[in-house]
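# Breakdown of the fold
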Protein chains: 2
Amino acid sequence: MAKHLVIMAGGIGSRFWPMSTPQHPKQFIDITGCGRTMIQQSFDRFDGIIDIEHVWVVTSANYKALVQEQLTGINPQHILLEPCMRNTAPCVAYVSWKIQKEDPDALIVVAPSDHLVLNVPSFQQYIMQGFAFVAGGNRILTLGMTPTRPETGYGYIEQGELQEGGVYKLNSFREKPNLPTAIEYLQKGGFTWNSGMFMWSVDTIVGELRQYAPQIAGVMDQMVDTFFTEGEQLKVNELFPTCEKISIDYAVMEKTQVAYVMPAEFGWSDLGTWGSLHTLTKHDESQNAVIGDGVTLIEAEGNMIKVPSGKKIVIQGLKNCIVAEHNNTLLICQLSEEQRIKDWHD
Amino acid sequence: MAKHLVIMAGGIGSRFWPMSTPQHPKQFIDITGCGRTMIQQSFDRFDGIIDIEHVWVVTSANYKALVQEQLTGINPQHILLEPCMRNTAPCVAYVSWKIQKEDPDALIVVAPSDHLVLNVPSFQQYIMQGFAFVAGGNRILTLGMTPTRPETGYGYIEQGELQEGGVYKLNSFREKPNLPTAIEYLQKGGFTWNSGMFMWSVDTIVGELRQYAPQIAGVMDQMVDTFFTEGEQLKVNELFPTCEKISIDYAVMEKTQVAYVMPAEFGWSDLGTWGSLHTLTKHDESQNAVIGDGVTLIEAEGNMIKVPSGKKIVIQGLKNCIVAEHNNTLLICQLSEEQRIKDWHD
């Protein structure tokens, strides 16, 4: 059974403006300054596990060129273009129906394109364990990140009974908690962060979608004959928008009887906001995180600063703010207000 | 007696960084966005009063090209290049000795190159009055700005007895006061701001310099034979640096028996700092002064923002700060700390 990778790359990263824009969202940017964009890193970390001919990307039609440019060598047939955003369930369905047509025995890992993983060797061990687990039967596996702080920005997964090989039955999904609840989860134990990474056989996910998301499955059945033909995109453009707009968590994970969670720890962050970048980036003694080589700080504390290389900046007296410049656009705002960033730009 | 204008343009404007840099200081910048630089405005406002062949500029050798570029039509012999900054007394002496050689009957107005005047017709009336006054005898006249607020950033001049035509005997110079003292000056009356604008006949100022600044006068006497010859700059470069470093206020104004002050009001500001620009620029209802066409403000109060045209900026939650960008250099600091700006750059 061949192992396939599905990279979900349709997001617009609106909370990471101005670095991330709808024309060029964060998965296509080298946010951490390491020399590789987020989607390239998402691809790189499966090196040695997944053959490039088994890599799939689901993205928006707008980002086709960016994907081709940044992930050279991917089969163009494996770049799936959503004509519109219908959340993750239709997206997972589309790629699953298509993979099934090419390789009915496929094992699949679904991974976001814009998350950060610091410990790649450890990540790969978990992925190999996960493949072994889902190869063993009709199982849907999600990777749960062992929490390191009472984070209120993530959803949580409650574990049930321990199964084989460090995997638990998945008891329930919990929405982003408030701080007391998050603290309670940590103290109680048995809770992990929902990473949005899933593993399954193509057989399993198609079956579960047929059972719990029959409307979406019906649309897929109408389209599947065109897959890998010239008529595919036209048909997808016509019918994909008729799919129910729903996440894979709601559509399948919360209903299925075969959900499992594998707690894992490999230096993960969803890198969803400037604040998460601030948490992950090296701080100076005043809790400033700086990406950029021309920044002078005076009486500045707790700021997240990301500016182009070579740009000279002096900042005095600023506290707990974001200062971000990209494409001749500058944002200065309070870190505490970062959830509102998406309202401030077009 | 012909009227001459001396524009003092040697300052480096270090408190207006990053807009003003030692390579391109504020007098050569269009700070207010009106289409003319500060030195051009300083020249323009004498239009109709002073013939261009009677305009003189004293500046640093570094700024020769900037002066020639921005004040086209000035006699190159009238652009005096100081090899180093020796404060205003040697500067006034140099240009006075040189004017005397060309026109021994000259009447002179000395004006800074980086001040703002909002009401030019009114300004011209005061200048004409001043020329009439200094033409009438051995008199040194300074223009005192009628104070409109208890400003602590300017020096003050105390008036003595009223003379003819709205002119007073000059009683004393007062250093920049603290706030209670500034309030006292306003309540008491008879105090004006020291504008750094002077008027005199060339005869008078040369005579006063000989009496009260004999060291500087001696250096001038050693150099004067070379003025208007090819050897001038070489001699100036050699001897000018040997002049005592002292302001014209200390060297002459505080000692002379013939000092007068004419209180005047023509919308003046020395535009010395970002704060003075903030005071002068139109405010929104939250006391933000914005120069730049792409700025969006959210919960921002009391800021001075000056950014390049076309630059898109979103600022949220910032209070009483300067945000200034120029030449790919960005400054963000508290307005209250603006006097420290000069310490933060090279």
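As a reminder, the structure under discussion sits directly above these lines.
Description of the structure in this document. (Residues numbered from 1 in each chain as written. Chains lettered and ligands numbered in written order. Predicted model: local features only at pLDDT ≥ 70, side-chain atom pairs only at ≥ 80, totals over all residues. Heavy atoms only, no water.)

### A look at the overall build of chain A
Looking only at helices and strands, chain A features 10 helices and 17 strands. Its C-alpha atoms give chain A a radius of gyration of 21 Å, within 12% of the compact-globule value 20 Å for 346 residues. When its C-alpha atoms are laid out on the principal axes, chain A stretches across 60 × 50 × 35 Å. A total of 346 residues make up chain A; the buried ones form 55% of that total. Intrachain contacts of chain A at a sequence separation of at least 6 include 67% that bridge at least 24 residues. Working note: accessible area of chain A is about 13,900 Å², and carbon and sulfur atoms make up 48% of it. For chain A, the separation between the mean place of its 26 positive charges and that of its 39 negative charges on side chains is 3 Å. (Helix = DSSP H or I, 4+ residues; strand = E, 2+ residues; numbered from the N terminus. Rg over C-alpha atoms; globule rule 2.2 N^0.38 Å. Buried < 20%, exposed > 50% of the residue type's maximum accessible area, 1.4 Å probe, protein only. Contact = heavy atoms within 4.5 Å. Areas by Shrake-Rupley, 256 points an atom, 1.4 Å probe, with all protein chains shown as cover. Lys, Arg positive; Asp, Glu negative; His and termini not counted. Charge placed at Lys NZ, Arg CZ, Asp CG, Glu CD.)

### Concerning the relation of the copies chain A and chain B
Taken together, a rotation about one axis and a shift along it account for how the two chain copies relate. With an RMSD of 0.1 Å, the operation that places chain A on chain B is a rotation of 179° combined with a shift of 0.0 Å along the axis. Taken together, the rotation and translation relating the two chain copies correspond to the operation of a two-fold axis. Of the C-alpha atoms belonging to chain A, the one lying closest to the rotation axis is found on L318 of chain A, 4.4 Å away. With an isologous cut-off of 70% or more, the 100% of interface residues of chain A that recur at the interface of chain B puts this contact in the isologous class. (Least-squares fit on C-alpha atoms with pLDDT ≥ 70 in both.)

### Describing the sheet that holds strand 12 (residues 289–291) of chain A
Whenever strands of a sheet pair, they do so through backbone hydrogen bonds, lying parallel or antiparallel. Here six strands make up an open sheet; going across it, the order is 12(A)-14(A)-16(A)-17(A)-15(B)-13(B) and the pairing mixed. The strands lining the two open edges of the sheet, one partner per strand, are strand 12 of chain A together with strand 13 (295–298) of chain B. Each strand axis lies, on average, 5° off the axis of its neighbour in the sheet, ignoring direction. Of the strand pairs in this sheet, strand 16 (residues 321–326) of chain A and strand 17 (residues 329–334) of chain A are connected by six bridges, and their pairing is antiparallel. Opposite C321 of chain A, over in strand 17 of chain A, you have Q334 of chain A as the bridge partner. (Pairing = 2+ DSSP bridges. Axes fitted to C-alpha atoms, helices over the stretch in contact; angles between N-to-C directions.)

### Observations regarding helix 6 (residues 202–212) of chain B
Residues of helix 6 of chain B that are buried include every one of V202, T204, I205, V206, E208, L209 and Y212 of chain B, and no others. Summarising the contacts, the buried residues of helix 6 of chain B are in contact with helix 3 (88–102), strand 4 (107–112), strand 6 (140–145), strand 9 (191–201), helix 7 (214–223) and helix 9 (248–253) of chain B.

### Things to note about the environment of Q222 of chain B
Among the structural elements, Q222 of chain B can be located in helix 7. Separated by 17 residues in sequence, Q222 of chain B and L239 of chain B place their C-alpha atoms 8.2 Å apart.

### Things to note about the pairing of strand 3 (residues 79–82) of chain B
Both faces of the sheet carry side chains from a regular strand, because those side chains alternate between them. Residues and elements named next belong to chain B. Taking every second residue as pointing to the same face, both faces of strand 3 are buried, with I79 and L81 on one and L80 and E82 on the other. Two strands pair when backbone bridges link them, and strand 2 (residues 55–60) and strand 3 are joined in this way by four bridges, in the parallel orientation. Across the sheet, residue S60 finds its bridge partner in strand 3, namely E82. In this view, the connection linking strand 2 to its parallel neighbour strand 3 by way of helix 2 (residues 64–70) has right-handed handedness. (Right-handed = clockwise from strand over helix to strand, strands pointing away.)

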